[in-house]
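Survey of secondary and tertiary structure
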Amino acid sequence: MEEGVGVVNEEIWALGAESVILRVRRWGRTLIEKRRRAKPYLLPEIDSLLRRQRTNRECRMLNRVRRLGVRAPTVYAVDWSSYSILMDFVQGEQLKVIAQTCSDDDLMDLCKEFGRMLGLLHTGGVVHGDPTTSNIIVDPQRRLWLVDFGLAEWNATVEMMAVDLHLVRRTLETTHWDRQEIMLDAVLQGYWDQMASSADEILSRMEEIRERGRYH
Ligand SMILES: Nc1ncnc2c1ncn2[C@@H]1O[C@H](COP(=O)(O)OP(=O)(O)O)[C@@H](O)[C@H]1O
Ligand SMILES: [Mg+2]
């Protein structure tokens, strides 16, 4: 694709719910450019406000969670005119895809790690906001990376952390219904390993949220 001086290499790597994920060559490296698309059904003012807020949130959270020890891409630049973030390209495959074919043992190890990672995040007072298995990338060394922090929040309360876990359960029920039980058990095991007894209150709140949902 021609752009300014010379040729810029870029290809569409993935389409997210609200963004285009481009794989680009910059400074001799392969990086990801996450560009938040306009939503035509929103008023333009609201649309740019939301895109700006989420881009801002995502950059700040990516930096913050890496300090907590969670693997997440490093941010190199932000373009506020196209609401795009230039970040590390994480090589690997979505947990969502891997979970369709891997063995039970492998799946349990990966999900335990997923739970530990959520625990690490929550210990640091951060909730992810969209903890689906598409937002986890498994690299060739079988390490987990977390992406998509546009809905993340900090100063998390017990309720917010419990909602994060509830969302994990909902994802497993809808996307991985045939393996949801072993996946959820492993996630909660890993979460407990990380949080120890401070997980108890959050786990019982998660059950409470589920019960609330049943009667609505
Ligand atoms: N830095 C990255 N490296 C590799 N793949 C990525 C990266 N960021 C996103 N992706 C891939 O693109 C998909 C969509 O990105 P995501 O940030 O989740 O967008 P959206 O907010 O629109 O859902 C992710 O599920 C992931 O598979
Ligand atoms: Mg996503």
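Here we summarise the structure given alongside this text.

Rules and cut-offs
Residues numbered from 1 in each chain as written. Chains lettered and ligands numbered in written order. Predicted model: local features only at pLDDT ≥ 70, side-chain atom pairs only at ≥ 80, totals over all residues. Heavy atoms only, no water. Donors = N, O, S within 2.8 Å, 3.2 Å for Na, K, Ca; no water. Helix = DSSP H or I, 4+ residues; strand = E, 2+ residues; numbered from the N terminus. Buried < 20%, exposed > 50% of the residue type's maximum accessible area, 1.4 Å probe, protein only. Pairing = 2+ DSSP bridges. Near = heavy atom within 4 Å. Polar contact = N/O pair within 3.5 Å; in protein donor to acceptor, adjacent residues only side chain to side chain. Areas by Shrake-Rupley, 256 points an atom, 1.4 Å probe, with all protein chains shown as cover. Nonpolar A, V, L, I, M, F, W, Y, C, P; charged D, E, K, R; others polar. Domains from an automatic or database assignment. Core = buried A, V, L, I, M, F, W, Y, C linked by side-chain atoms within 4.5 Å. Disulfide = S-S within 2.5 Å. Contact = heavy atoms within 4.5 Å. Axes fitted to C-alpha atoms, helices over the stretch in contact; angles between N-to-C directions.

Let's shift gears to the coordination of the magnesium ion (ligand 2). Summarising the metal site, the magnesium ion (ligand 2) is bound by the protein donors Asn135 (OD1) and Asp148 (OD), whose distances to it range over 2.1 to 2.4 Å. Here the residue Asn135 occupies a position in the loop between α3 (104-123) and β7 (136-138), and Asp148 occupies one in the loop between β8 (144-146) and α4 (158-175), the gap between them amounting to 13 residues. As far as burial versus exposure is concerned, Asn135 and Asp148 are alike and both buried.

Okay, the sheet that holds β8 next. The strand order across the open sheet built from 3 strands is β6-β7-β8, with neighbouring strands paired in antiparallel fashion. Each edge of the open sheet is held by one strand with a lone partner, namely β6 (93-94) and β8. By the bridge criterion, 3 bridges tie β7 to β8 in an arrangement that is antiparallel. Bridge pairing links Ile137 to Trp145 in β8.

What follows covers the site of ligand 1. By nearness alone, 20 residues border ligand 1, and Ser19, Lys34, Asp88, Ser134 and Asp148 come closest of all. The backbone of Asp88 places a nitrogen or oxygen atom 2.8 Å from a nitrogen atom of ligand 1. Side-chain polar atom of Gln94 to an oxygen atom of ligand 1: 2.9 Å apart, as the coordinates give it. Taking 550 Å² as the accessible area of ligand 1 by itself, protein coverage stands at 94%. Elements with a contribution of two residues or more to the shell around ligand 1: β1 (10-15), β2 (19-26), β3 (29-36) and β5 (84-88). Class assignment of the residues belonging to the shell around ligand 1 gives a composition of 11 nonpolar, 5 polar and 4 charged. A domain-level breakdown of the shell around ligand 1 finds at least three residues from each of domain 1 (10-88) and domain 2 (93-214).

Attention shifts here to the environment of Asp79. Following the sequence through the fold, Asp79 ends up in strand β4 (residues 75-79). Taking C-alpha positions, Asp79 is 9.3 Å from Thr55, a pair spaced 24 residues apart along the chain.

Let us look at the nonpolar core. Ranked by internal contacts, the top residues of the largest apolar core, which has 49 residues, are Phe114, Leu121, Phe149, Leu165 and Tyr191. Composition of this core by domain shows at least three residues from each of domain 1 (10-88) and domain 2 (93-214). Within the second largest apolar cluster, 5 residues are counted, among which are Val20, Leu22, Val24 and Leu31.

Per the stated rule, a full pass over the model turns up 0 disulfides. Unpaired in this structure, Cys102 has its nearest cysteine sulfur neighbour in Cys111, at a distance of 7.7 Å. By relative accessible area, which is 11% here, Cys102 ends up buried.

This part takes up the side chain of Arg179. With respect to the element layout, Arg179 can be found in the loop between α4 and α5 (180-195). At a separation of 2.8 Å, a polar atom in the side chain of Arg179 contacts the main-chain carbonyl oxygen of Ala99. When residues no more than four places from it in sequence are discounted, the contact partners of Arg179 are Ala99, Gln100, Thr101, Cys102, Ser103, Asp104 and Leu107.

Okay, the sheet that holds β5 next. What the 5 strands build is an open sheet, ordered β1-β2-β3-β5-β4; its pairing is antiparallel. Two strands in the sheet have a free side with no partner beyond their single neighbour: β1 and β4. Sheet twist, expressed as the mean angle between neighbouring strand axes with direction ignored, is 25°. Bridge count for β3 against β5 is 5 bridges, and the pairing is antiparallel. Paired with Ile32 across the two strands is Met87, which belongs to β5. Relative to β4, helix α1 (residues 44-67) is tilted by about 170°, and along the sheet it contacts β3, β4 and β5.

The analysis is restricted to geometry; functional conclusions fall outside its scope.
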